[in-house]
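Inside the fold
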Amino acid sequence: MTGASGVGKDTIWQAALPGIPNLSYAVSATTRAQRPGEINGRHYYFYQREAFQQLIAEEALVEFAEYAGDYYGTPRQQLEAMLTSGRDALVKPELIGAREIKRRLPEAVMIFIAPPSMAELERRLKGRGTDSPARIAQRLARAREEIAAVREFEYVIVNDVLETAVRDFCSIIYAERVRSKRLTATDIARFLRET
Ligand code: 5GP
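Residues numbered from 1 in each chain as written. Predicted model: local features only at pLDDT ≥ 70, side-chain atom pairs only at ≥ 80, totals over all residues. Heavy atoms only, no water.

1. Observations concerning the layout of surface pockets
For the largest pocket, the calculated volume is near 690 Å³. The wall of the largest pocket is formed by 26 residues, among which Asp 88, Ala 89, Glu 107, Ala 108 and Val 109 lie closest to the centre. Of all the secondary structure elements, the ones that give two or more residues to the lining of the largest pocket are α3 (76-84), β7 (88-90), α4 (95-104) and α7 (162-177). Grouping the constituent residues of the lining of the largest pocket by class yields 17 nonpolar, 2 polar and 7 charged. Computed from the structure, the second largest pocket encloses a volume of approximately 570 Å³. Surrounding the second largest pocket, 31 residues form its lining, Ser 5, Lys 9, Asp 10, Tyr 44 and Lys 92 being those nearest its centre. Contributions of two or more residues to the lining of the second largest pocket are made by α1 (9-16), β5 (61-67), β6 (70-75), α5 (118-128) and α6 (133-148). Looking at which element gives the most residues to the lining of the second largest pocket, the answer is α1, with 4 residues. (1 Å grid on protein atoms, 1.4 Å probe; cavity = no way out; pocket = protein on both sides within 12 Å on 5 of 7 lines; lining within 4 Å. Points joined across faces, edges and corners; volume = space filled by probe spheres on them. Helix = DSSP H or I, 4+ residues; strand = E, 2+ residues; numbered from the N terminus. Nonpolar A, V, L, I, M, F, W, Y, C, P; charged D, E, K, R; others polar.)

2. What to know about the site of the ligand
Near the ligand lie 19 residues; those nearest to it are Ser 5, Ser 28, Arg 32, Tyr 44 and Tyr 72. A distance of 2.5 Å separates an oxygen atom of the ligand from a polar side-chain atom of Tyr 72. Residue Glu 94 places a side-chain N or O atom 2.7 Å away from a nitrogen atom belonging to the ligand. Relative to its unbound accessible surface of 510 Å², the ligand loses 98% to contact with the protein. Put simply, the ligand lies in the second largest pocket. Of all the secondary structure elements, the ones that give two or more residues to the shell around the ligand are β5 and β6. A per-class count over the shell around the ligand returns 5 nonpolar, 6 polar and 8 charged. (Near = heavy atom within 4 Å. Polar contact = N/O pair within 3.5 Å; in protein donor to acceptor, adjacent residues only side chain to side chain. Areas by Shrake-Rupley, 256 points an atom, 1.4 Å probe, with all protein chains shown as cover. Sits in = over half its atoms within 2 Å of the grid points.)

3. What about the pattern of salt bridges?
Tallying each qualifying case throughout the model produces 22 salt bridges. Residues Lys 92 and Asp 10 are paired through a salt bridge, measuring 3.2 Å at the closest nitrogen-oxygen approach. Pair noted here: Lys 92 is in the loop between β7 and α4 and Asp 10 is in helix α1, with a separation of 82 residues, a long-range link. In this structure Lys 92 comes out as buried when scored by relative accessible area, which is 11%. Measuring nitrogen to oxygen at the nearest pair gives 3.9 Å for the salt bridge that ties Glu 38 to Arg 35. (Salt bridge = Lys/Arg side-chain N within 4 Å of Asp/Glu carboxyl O. Buried < 20%, exposed > 50% of the residue type's maximum accessible area, 1.4 Å probe, protein only.)

4. A closer look at the nonpolar core
Counting 26 residues, the largest nonpolar core has Leu 90 and Phe 169 as the members making the most contacts within it. Among the elements of the structure, α1, β2 (23-25), β8 (111-114), α5, α6 and α7 are those that each provide at least two residues to this core. At 6 residues, the largest contribution of residues to this core is made by α7. The contact partners of Phe 169, leaving out residues within four places of it in the chain, are Met 1, Ile 12, Ala 16, Leu 17, Ile 20, Leu 23, Leu 90, Ile 111 and Ile 157. Counting 7 residues, the second largest nonpolar core, distinct from the first, contains Ala 98, Phe 112, Ala 114 and Phe 153. (Core = buried A, V, L, I, M, F, W, Y, C linked by side-chain atoms within 4.5 Å. Contact = heavy atoms within 4.5 Å.)

Read these as spatial facts, not as claims about activity.
This is the structure in structure tokens:
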């Protein structure tokens, strides 16, 4: 799930996940300052820069990128544990990380969350009251770059009315799970059983 800072990605997944079995959120690592209300280990794993660089050196991240002066990355161990136990994993990288995940895991499904307009995105970022004007400007510039790449994504959800966005998100997950390309040889053998 990719989309501008402030577009509502967390609100969407937090509303959708309780209703979708076998889907877990893979918590990202970041060097960004913790915002009020954010819980270490639930919203992000918060790291100092040196500790994050250590994660990079140890290849403990599936991907990482710099965004508005901070590092963000997907911890490898957690993601692998989810996938090997047969669960689907939801990750929330910006564009560079999303491309890297798709390159490494081609079966990944890329969902873009678009704002209803740049004006609305700016209003939400300002309303959040957590970022300086300079950081808001950086986030809006990145949002424009990401929107320019929207056709790289398989699905696009406009987060205008939250319930509609959550419904769209759930529909994508359920539809993806019944794609014929996800059938294994065992599944097909089971369909053919006569007893
Ligand atoms: P924020 O500071 O608003 O929480 O996040 C800033 C940006 O970093 C957002 O676009 C968000 O999607 C992205 N981001 C969050 N987690 C990760 C991650 O694990 N990897 C990458 N590459 N980007 C992430």
